[in-house]
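# Structural overview for review
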Amino acid sequence: MKIAIASDHGGFTLKQTLIEHIKSLGHTIVDLGTDSTSSVDYPDFAHKLANEIQTKSCDLGVLICGTGIGMEMTANRHGGVRAANCTNTTQAKLTREHNNANVLCLGARIVGEVLAIDVVNVFLTTQFEGGRHEKRVEKIDNP
Ligand code: RB5
């Protein structure tokens with residue numbers, strides 16, 4: 001798959017680790033920044049990544065900030081983007097199966113590196129179940 005990834009300064013170090021991990025799984029990475037631990041504004045990076053998902057330029061996205069919350073809030077302003085902030089593997093599994101989440105948000109100050117890798121592994125390997133969840137997911141974009 002083609003995976004977009006972006007972070008703010010708070011998520012930069014974890015982003016670099018996850019880039020190497022995701023590449024080692026055989027996926028193509030599109031790194032949308034940031035490029036250092038210098039302070040930046042998380043919405044700039046969340047919007048950039050959400051555009052990639054909205055236009056279907058990438059299959060799935062990973063966004064990292066301090067808590068994962070700001071990235072999630074921003075990405076979810078884009079139609080067709082379903083961003084889920086996950087702090088454990090159960091959330092990662094269920095949000096793929098039930099919500100067809102296409103962006104995983106992580107809080108680098110909340111989850112450790114090993115847990116973040118486990119969460120990414122589950123998110124990238126779990127499929128949407130469809131069925132009864134299909135019409136519910138469609139309703140997300142139709143308030
Ligand atoms: C940056 O200090 C911090 O606010 C950001 O990384 C994130 O946690 C926002 O939700």
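Everything below is about the structure shown above.
Residues numbered from 1 in each chain as written. Predicted model: local features only at pLDDT ≥ 70, side-chain atom pairs only at ≥ 80, totals over all residues. Heavy atoms only, no water.

## Digging into the packing of aromatic side chains
If you walk through the whole model with that rule in mind, you get zero aromatic pairs. For the cation-ring pair, Arg96 lies above Phe123, with the distance from its terminal atom to the ring centre recorded as 5.8 Å. (Phe/Tyr/Trp six-rings, centres within 6.5 Å; stacked < 30°, edge-to-face > 60°. Lys NZ or Arg CZ within 6 Å of the ring centre and 35° of its normal.)

## Quick notes on the packing of helix 4 (residues 89-97) against helix 5 (residues 113-125)
Contact geometry for helix 4 and helix 5: axes closest at 8 Å, N-to-C directions at 20°. With respect to helix 5, the axis of helix 4 lies roughly parallel. The interaxial crossing formed by helix 4 with helix 5 has right-handed handedness. Residues Thr89, Ala92, Lys93, Thr95 and Arg96 of helix 4 lie in contact with helix 5, whose contacting residues are Asp118, Val119, Val122 and Phe123. (Axes fitted to C-alpha atoms, helices over the stretch in contact; angles between N-to-C directions. Helix = DSSP H or I, 4+ residues; strand = E, 2+ residues; numbered from the N terminus. Parallel < 35°, antiparallel > 145°, perpendicular 65-115°, else oblique. Left-handed = near helix turned anticlockwise from the far one by under 90°. Contact = heavy atoms within 4.5 Å.)

## Looking at the site of the ligand
Near the ligand the following residues occur: Asp8, His9, Tyr42, Cys65, Gly66, Thr67, Gly70 and Arg109. One of the backbone nitrogen or oxygen atoms of Gly66 is found 2.7 Å away from an oxygen atom of the ligand. Alone, the ligand offers 290 Å² of accessible surface; in the complex the protein occludes 71% of this. The class makeup of the residues in the shell around the ligand is two nonpolar, four polar and two charged. (Near = heavy atom within 4 Å. Polar contact = N/O pair within 3.5 Å; in protein donor to acceptor, adjacent residues only side chain to side chain. Areas by Shrake-Rupley, 256 points an atom, 1.4 Å probe, with all protein chains shown as cover. Nonpolar A, V, L, I, M, F, W, Y, C, P; charged D, E, K, R; others polar.)

## So, helix 4
Listed in full, the buried residues belonging to helix 4 are Ala92, Thr95, Arg96 and Glu97. A distance of 3.1 Å separates the backbone nitrogen of Thr90 from a side-chain oxygen at the start of helix 4, and that oxygen is part of Asn88. (Buried < 20%, exposed > 50% of the residue type's maximum accessible area, 1.4 Å probe, protein only.)

## Examining the pairing of strand 2 (residues 28-31)
One ladder, built from four bridges, connects strand 1 (residues 2-7) with strand 2; its direction is parallel. Within strand 2, the position partnered with Ile5 by the bridge is Asp31. Regarding topology, helix 1 (residues 12-24) serves as the crossover connection from strand 1 to the parallel strand 2, and that connection is right-handed. (Pairing = 2+ DSSP bridges. Right-handed = clockwise from strand over helix to strand, strands pointing away.)

## Some thoughts on the state of the cysteines
By definition, a disulfide links two cysteine residues through a covalent bond between their sulfur atoms. For the structure shown, the criterion picks out zero disulfides. Cys58 takes part in no disulfide bond, and the closest cysteine sulfur, belonging to Cys105, lies 15 Å away. Relative accessible area serves as the criterion here: at 4%, Cys58 is assigned to the buried category. Left without a disulfide partner, Cys105 is nearest to the cysteine sulfur of Cys65, which lies 7.3 Å away. (Disulfide = S-S within 2.5 Å.)

By themselves, these observations are geometric and do not establish any function.
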